Amino acid sequence: MMSKIFVILSVLGMALATTACGGDSHPAVAACETTCANQDALACEGAMVDLATCNQICAAYGSAPTECADAAEAAYTCWNGATLECTGMSSAPVDGGCATETEAMTAACSAE
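Computed from a prediction, not measured in an experiment: that's the story for all the values here.

**Student:** Whenever I open this one, the environment of Ser-63 confuses me. Can you help?
**Tutor:** Relative to the assigned elements, Ser-63 resides in the loop between helix H3 (51-59) and helix H4 (66-80). Spatially, the C-alpha atom of Ser-63 lies 9.8 Å from that of Val-29, the residues being 34 residues apart in sequence.

Have a look at this one:
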């Protein structure tokens, strides 16, 4: 859970550091936005971010390093094919699905 929070904060930092016009689009943006919509539909109590903030975080993948954006696309694509459940402040695939993809995204997108 903490690694997911760290990735979210790292990507949010990238979003805040980019200009409104900056960066190329990457398929990770759309995959992430789908995940945001799926999480929003769950309406988890105590969710860490709302839909608008989640989508703002997703926009940052358009300017993220390719390694990060590619790993994020793989993780969010996996999440979009999984059944999600509420897990405290967020949601996650049932039974720990997509763990490999999520760990790869954490490694690729974490600020050094």
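**Student:** Would you mind showing me how to read the state of the cysteines here?
**Tutor:** Evaluated as defined, the whole model comprises five disulfides. The disulfide bridge from Cys-44 ends at Cys-86, spanning 2.1 Å between sulfur atoms. What sets the handedness of the Cys-44 and Cys-86 disulfide is the S-S torsion sign, and at about -90° it is left-handed. Residue Cys-44 is found in the loop between helix H2 (27-42) and H3, and its partner Cys-86 is found in strand E1 (residues 84-86); the two are separated by 42 residues along the sequence. Here Cys-68 pairs with Cys-109 through a disulfide, and the sulfurs are 2.0 Å apart. Judged by the sign of its S-S torsion, about 105°, the bond between Cys-68 and Cys-109 is right-handed.

Basis of the calculations
- Residues numbered from 1 in each chain as written.
- Predicted model: local features only at pLDDT ≥ 70, side-chain atom pairs only at ≥ 80, totals over all residues.
- Heavy atoms only, no water.
- Helix = DSSP H or I, 4+ residues; strand = E, 2+ residues; numbered from the N terminus.
- Disulfide = S-S within 2.5 Å.

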